[in-house]
Every structure is written in structure tokens, then in C-alpha cells.
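# Structure assessment
The lines below spell out each chain.
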Amino acid sequence: MKSKVIIVGAGIGDKDNITVKVKKALENADVIVYDRLINHDIIREYEGKKELYYVGKKASHHTMAQEDINKLMVKMANEGKNLVRLKGGDPYIFARGSEEALFLKENGVDFEVYPGLTAATVCLNSAGIPQTHRNISQSVTYITGHRENDEDQSFEKYGKYDGTLVFYMGLKNLDKIINDLLAGGMDGDADIAIISKGGYNNQKVFKSKVRFVLTEIKEEDFPSPTLIVIGKTVGLSDDLNYFENRVLFNKNVLITRSLKESFDLSQRLTELGANVINAPTFSIEYKNLDILENDIDNFDYDYLIFTSTNSVRIFFETLLKKHDIRKIGKVKIAAIGLKTKRVIESFNLKVDYYSKEGVAEKLYEKLFSIIKKEDKVYLPHSSLTRPYIIDRLREKSTLRDLEIYDNEIIKEKVNFDEKLDAALFMSSSSVNNFIEVYGKDALKDVKIFSIGAITSQTLKDHGLNDIIQPKIASSENLLEEVEKYYENEKN
Ligand code: SAH
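Quick look at the structure, then. (Residues numbered from 1 in each chain as written. Predicted model: local features only at pLDDT ≥ 70, side-chain atom pairs only at ≥ 80, totals over all residues. Heavy atoms only, no water.)

### A few points about the overall build of the protein
Let me state the cut-off plainly: Secondary structure elements follow DSSP: runs of H or I no shorter than four residues count as helices, runs of E no shorter than two count as strands, and numbering proceeds from the N terminus. The classification of residues rests on relative accessible area computed with a 1.4 Å probe and restricted to protein chains. Under 20% of the type maximum is buried, over 50% is exposed, and intermediate values are partly exposed. Working rule for contacts: check all heavy atoms of both residues, and any pair within 4.5 Å makes them a contact. Where accessible areas are quoted, they stem from the Shrake-Rupley method and a 1.4 Å probe; at the residue level, only the protein chains shown are allowed to cover. None of His or the chain ends enter the tally, which takes Lys and Arg as positive and Asp and Glu as negative. Working definition for charges: the position is that of NZ of Lys, CZ of Arg, CG of Asp or CD of Glu.
In terms of regular secondary structure, the protein is built from 17 helices and 23 strands. Over its C-alpha atoms, taken along the principal directions, the protein stretches across nearly 90 × 60 × 40 Å. Buried positions account for 50% of the 491 residues belonging to the protein. Sequence separation of 24 or more characterises 65% of the internal contacts of the protein that already satisfy a separation of 6 or more. Carbon and sulfur atoms provide 48% of the accessible area of the protein, an area that totals close to 24400 Å². Across the protein, the mean location of the 70 positive side-chain charges is 3 Å away from that of the 76 negative side-chain charges.

### Structural notes on the layout of surface pockets
Our working definition: The way it works is a 1 Å grid over only the protein atoms, where trapped points that fit a 1.4 Å probe form a cavity and open points with protein on both sides within 12 Å along at least five of seven lines form a pocket, and then any residue with an atom within 4 Å of a point lines it. Grid points are joined across faces, edges and corners, and a volume is the space filled by probe spheres set on the points. Amino acids outside the nonpolar list (Ala, Val, Leu, Ile, Met, Phe, Trp, Tyr, Cys, Pro) and the charged list (Asp, Glu, Lys, Arg) are all regarded as polar, and Gly is one of them.
Approximately 1200 Å³ is the volume attributed to the second largest pocket. Lining the second largest pocket are 43 residues, with Arg-257, Thr-307, Gly-358, Met-426 and Ser-427 positioned closest to its centre. Mapped by element, the contributors of at least two residues to the lining of the second largest pocket are helix H9 (263-271), helix H11 (309-322), helix H12 (338-345), helix H14 (387-396), strand S20 (398-409), helix H15 (428-438) and helix H16 (453-461). A per-element tally of the lining of the second largest pocket places H12 first, with 5 residues. A per-class count over the lining of the second largest pocket returns 16 nonpolar, 18 polar and 9 charged.

### As for H12
Heads up, the condition is: Summarising the geometry, the arc corresponds to the directions from the helix axis toward the C-beta atoms.
Listed as buried for H12 are Thr-340, Lys-341, Val-343 and Ile-344. In a view along the axis of H12, the buried residues occupy a sector of 165°, so they form one face of it.

### Let's talk about the nonpolar core
The condition that has to hold: By nonpolar core is meant a set of buried Ala, Val, Leu, Ile, Met, Phe, Trp, Tyr and Cys residues that side-chain atoms within 4.5 Å join together.
Residues Leu-304, Phe-315 and Ile-328 are the most contacted members of the largest nonpolar core, which totals 23 residues. Broken down by secondary-structure element, the contributors of at least two residues to this core are helix H10 (289-297), strand S16 (303-306), H11, strand S17 (332-336), H12 and S20. The element contributing the most residues to this core is H11, with 5 residues. Setting aside chain neighbours within four positions, we find Leu-304 in contact with Phe-299, Phe-315, Phe-316, Ile-328, Val-331, Lys-332, Ile-333, Ala-334, Tyr-378 and Pro-380. Formed by 20 residues, the second largest nonpolar core is a distinct cluster that contains Leu-174, Ile-217, Ile-228 and Ile-230.

### Re empty space enclosed by the protein
Applying the stated criterion across every chain, the model contains 1 cavity of 30 Å³ or more. Here the largest cavity defines a volume of roughly 30 Å³. Forming the boundary of the largest cavity are Glu-293, Ile-296, Asp-297, Thr-318, Leu-319, Lys-322 and His-323. Within the residue set of the lining of the largest cavity, elements represented by two or more residues are H10 and H11. Of the residues belonging to the lining of the largest cavity, the class tally is 2 nonpolar, 2 polar and 3 charged.

### Some points on the sheet that holds strand S18 (residues 353-355)
Heads up, the rule is: For two strands to count as paired, DSSP must find a minimum of two bridges between them. Orientation is described by lines fitted to C-alpha atoms, with helices fitted over the stretch in contact, and by angles between N-to-C directions that extend from 0 to 180 degrees.
With mixed pairing, 6 strands are arranged side by side in an open sheet as S15-S20-S19-S16-S17-S18. The open sheet terminates on both sides in strands that have one partner only, identified here as strand S15 (282-286) and S18. Averaged over all pairs of adjacent strands, the angle between strand axes in this sheet comes to 20°, irrespective of strand direction. As judged from the 2 bridges shared by S16 and strand S19 (residues 376-382), these two strands associate in the parallel manner. Within S19, the residue paired with Leu-304 across the bridge is Tyr-378.

Structure representation (C-alpha cells):
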């Protein structure tokens, strides 16, 4: 089949502001060629899995000339690769998508173009400004504030426009835009909003009147990218600003779990408005996999017990390499914590015994009257698993336990400039590792949330006493505590 280039828009802001169609195109691509104004989380998923080319342009500072990007696309298409050209926002709005498509056509390369949410759609929404509103604004116009020398340079003709004006790439030219509009007859009392980093949880929105704006703002206070909006619907933003009213809006929240594990939590925190800073303090290193494989080959147990989501994943990944799920037969399955239970269920298995709380003692309370000395119990676990459950089960049953992973401490620091508002700790080892690598000062004046009593004790051992902790140890409950705390703080 002939290869094809698909030019797509990634949307703006939140990584989920992408269409299903574009997401599918990315999944199917061999090569992704992407620009600067794209949420990097979209690309991160494909690191190491696809050929990625960054061709981003920074104002006046081109990483790769347009001509070279065009040639690169043709070359790869001719090599038979499926290439997705990923652009910020929509590829046909101030993005040269049409120029690139024309070039492909001239060179006999098949192409398709998929739309994306443009900056105006996303940023006005997240600033609480509707693009149109009955009886208030009947139209909207997107204008580029940045013109080539041979283009019409004047904005005067928009001075009498009665709908919503949205300027892309306009901040550098704000003086001229405002002066032209006023010269063109615009009312100086017209509402204006400047939206910086729109659609991200650290967005900044500044509102004013057209005649005041030039004296009130300094360009450097509005990190790029920025969008300028002028029109009556700006006035609705106090009532419609759901985005900045979310409970964690613009709070810098640190989480310390390893990337894979922290995903759900990170996603939920982001949805609630937080800027999540992920500083994993340990990585998961598989170990004893040959022994595990051998144990699975000869699997004959009455109970299979999981203490963590990682042990579930490693166990079943290993099992499914060679066998199918019948290999574990009629074994009874037990899990510590709801997360662990859920991961087991994702393998289409029911969990017979579990504790809601992520603590071994709670699961053991359920098991100790059931398990008998002759019962064969299999317990794959981490090298950091507390001895408690291993010792109890060894007394109570015929136990085979195996360390299947290590938690290696990550010594490299993640750089973050933001002042932290909150830090969430999910285990004693992450507390110890974090403090070892970043120092205790990194937690000065930071609200600390701990998943449970054991983690809290470790924090206290480091002299950190002002801790919020849910009654039942689970990440859902921890998140609830975070929400509650900031809800109260707001009121
Ligand atoms: N194709 C893109 C626009 C690219 S031009 C689209 O459809 O949105 C780049 C301009 O888009 C920036 O100068 C800025 O004006 C606007 N822009 C992009 N992302 C933005 C963001 N997160 N917040 C505010 N403006 C943004």
C-alpha cells in the first residue's frame, strides 16, 4: 500500500483536547513530525516507540526551515513510512498546514488533513469567554497579529467590527493593534482579555479595557503563547469561568511515585486543575524472572497473594508470555488495597479476598481464620515489602515467597522551578528517597499529604509533623483529602 502523510491538529492545552481521529492516526504512525506548541504529554507516550522529529519553531528562531520540513516529509513518504505531521491547534489556522499539503500534492505524495481544536476555541473556553453569545456577539473573527512585509499591516478595518475579535501571535504587536483599532473607531471602553498559556492549569488571564491595556500590562508578565480577545463576551467570564474555579487550579502538586504507577492520580489531579510535578523517587527493576517463570510453569497453589499493583503486572506479564490464564487454575486470589484488586480484575480475574486499605495487616485480618497450615500460598513481592505479611503467612501456611522486583532509588533530580503547594506521599520509601535526593528544605511550607499511618510515621521521623492523612489508606481517599483541604481553603 502506498504510504500517506496525515497532517493533523493536536488541539491546545490539556493533552486530552485531541480528537479521537487524530489519536488513532498517531497510534498508527511510523513517524511523527511535531511542532513546538504541542502539549509534550501527547508526544511522551510515543517516545521509544515511534520515530519522532521535533521541528519546532520558536519566534524568530527556526529549528528547521519550512522547506526542510517539507522535504523531510516527502522523503519519508517515499521511503514508505506512514508519517503524521502533528501541529498545534488546527492545521489550517495560522499553521501552514495548507502550504505543506500543497507541497505534498506537487510532489505526488498522498495526504489527508484532520482538524484540531484551535487556540481560540480552547483558550476562550478556559478563560470563561464564549466566542459568540445571543444578543451580545453574532460573529467571531480570527486575526493574525503577525504579518509578512508584503501583507496589509493595518488593523484599522476591525475598529468597527461588532463581534468577537481574536488575535493570534499578537502580543508583540499589541501597541499597533490597539492604536489601529482606536483609530478605526473602536470604543475605548471595549473589553479586552489577554490569555497566556490558555487551556493549561497554569494559564493567566488578564482583563481590561482597550484604552487602558497598553499602560497596564508588561509583555514579560505574559509568557508566550498568548491570545488577545476583544469583545463584549469577555464580560461573561466572571460567571462562566469554571476552569479557574476548579478546586486545585494552578496548585503545584508534587507526586513521587514511579511514572507508570502515578498515572491515574496524576490524571485526576490535572483534571482538578493542578500542575502536577512528577518526581519519581524510585524505579521498578524486575528481578528473579527466571525463578518466577519456573514457579509459574509448575504452578500448584491454593492461594495467590498480591501486595502491590507492580507485583500483579509482573506476575501476569510473565505468565502470559508462555501460558494463558488457566495456568493458575482454581487458586484463590487475595490483594492488598483496592488498586491492586483493580489491576487483578483487569486480567479478567475475580479477587476472593482483599482489604480496602493498602496495608498488609488489614488483609491478614481477613485471611488468618481461613488459611490452614497445609495450604500452599504463593506470594510474589517487592524487595521492600515489609516482613509482616511474609512472616505471618510463613507461620500460618506453607508459603513460597519470591522477590520479583526492586525499587531502585532514582538519584537524578527532576528540575522544577515552581514553588510547591502540596506534596503527596504514598509510601515510606518514597519519603525517605525524596528527602535523601531533594533535601528536607524542598518541603518547607509545603502542605503534606500522606496515604496512611506508616508513611505518616516516616514523615514524622524526619520531623515533618503537620500531615493530612485519610482514615483508610488508598489513593482515592488521599485525593479526597486533598480536595477537601483546598475546598475549605477556598471558602
Ligand atoms: N494552529 C494553531 C495556531 C498556531 S499560531 C491553532 O490553531 O491554534 C500560534 C499562536 O497560537 C500563538 O502565537 C498564540 O497566539 C496562539 N496560541 C497557541 N497556543 C496557545 C495557548 N495555549 N494559549 C494562548 N494562545 C495560544
